[in-house]
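Fold and geometry: a report
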Amino acid sequence: MGLITMENFAFSPANPQVRPGEKITVVNKDSAAHTVTATEGNAFDTGSIPGGKSRTFTAPSKVGEYAFVCTFHPNMKGTLIVR
Ligand SMILES: [Cu+2]
């Protein structure tokens with residue numbers, strides 16, 4: 001199980017490494033809502049995660065590097081590394 005934390009308008013880790021198809025829990029520790037949204041190909045999208053809440057999504061089954069952002073705060077960036 002992978003884990004991404006959102007805190008102070010940043011993803012931690014910014015470059016999480018997971019296995020293909022791994023479940024990833026996203027914990028939002030801010031009060032603002034955030035998303036984890038792949039920038040290309042609709043590879044994954046948590047939708048809006050309210051402040052203080054968490055969501056789980058499934059990593060792509062295909063090995064690769066998938067850039068993601070928060071759609072509300074596009075300066076929040078990361079790359080999901082699937083291998
Ligand atoms: Cu955000």
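Everything below is about the structure printed above this text.
Residues numbered from 1 in each chain as written. Predicted model: local features only at pLDDT ≥ 70, side-chain atom pairs only at ≥ 80, totals over all residues. Heavy atoms only, no water.

**Structural notes on the coordination of the copper ion**
Around the copper ion, the protein supplies H34 (ND1), C70 (SG) and H73 (ND1) as donor atoms, at distances of 1.9 to 2.1 Å. Sequence spacing of the donors to the copper ion: H-x35-C-x2-H. Considered together, C70 and H73 belong to a single accessibility category, that of buried residues. (Donors = N, O, S within 2.8 Å, 3.2 Å for Na, K, Ca; no water. Buried < 20%, exposed > 50% of the residue type's maximum accessible area, 1.4 Å probe, protein only.)

**A short note on the sheet that holds strand 1 (residues 2–7)**
Where strands meet in a sheet, backbone hydrogen bonds hold them as pairs that are either parallel or antiparallel. Strand order in this open sheet of four strands is 2-1-4-6, and the pairing throughout is mixed. Sheet topology places strand 2 (10–12) and strand 6 (54–58) at the edges, where each strand pairs with a single neighbour. With strand direction ignored, the average angle separating the axes of adjacent strands in the sheet is 25 degrees. Bridge count for strand 1 against strand 4 (residues 23–28) is five bridges, and the pairing is parallel. Residue T5 lies in a different strand from strand 4, and its bridge partner there is V27. (Pairing = 2+ DSSP bridges. Helix = DSSP H or I, 4+ residues; strand = E, 2+ residues; numbered from the N terminus. Axes fitted to C-alpha atoms, helices over the stretch in contact; angles between N-to-C directions.)

**Points about the sheet that holds strand 8 (residues 77–82)**
With mixed pairing, the four strands of this open sheet are ordered in space as 3-8-7-5. Strands at the two margins of the open sheet, each flanked by one partner only, are strand 3 (17–18) and strand 5 (37–38). When strand 3 meets strand 8, the two strands line up parallel, connected through two bridges. Looking across to strand 8, one finds that Q17 is bridged to I81.

**Looking at the pairing of strand 1**
In this structure, strand 1 lies alongside strand 2, joined through three bridges in antiparallel fashion. Bridging from a neighbouring strand, E7 pairs with A10 of strand 2. The antiparallel hairpin formed by strand 1 and strand 2 contains two residues in its connecting segment, where N8 sits at a positive phi of about 55 degrees.

**Side note on the packing of aromatic side chains**
Here the structure, examined in full by the defined rule, presents four aromatic pairs. Taken together, a centroid distance of 6.3 Å and an interplanar angle of 65 degrees make the contact between F44 and F68 edge-to-face. With F44 in the loop between strand 5 and strand 6 and F68 in strand 7 (residues 64–69), this pair connects stretches of sequence that are 24 residues apart. Assigned by exposure class, F44 and F68 land together as buried. (Phe/Tyr/Trp six-rings, centres within 6.5 Å; stacked < 30°, edge-to-face > 60°.)

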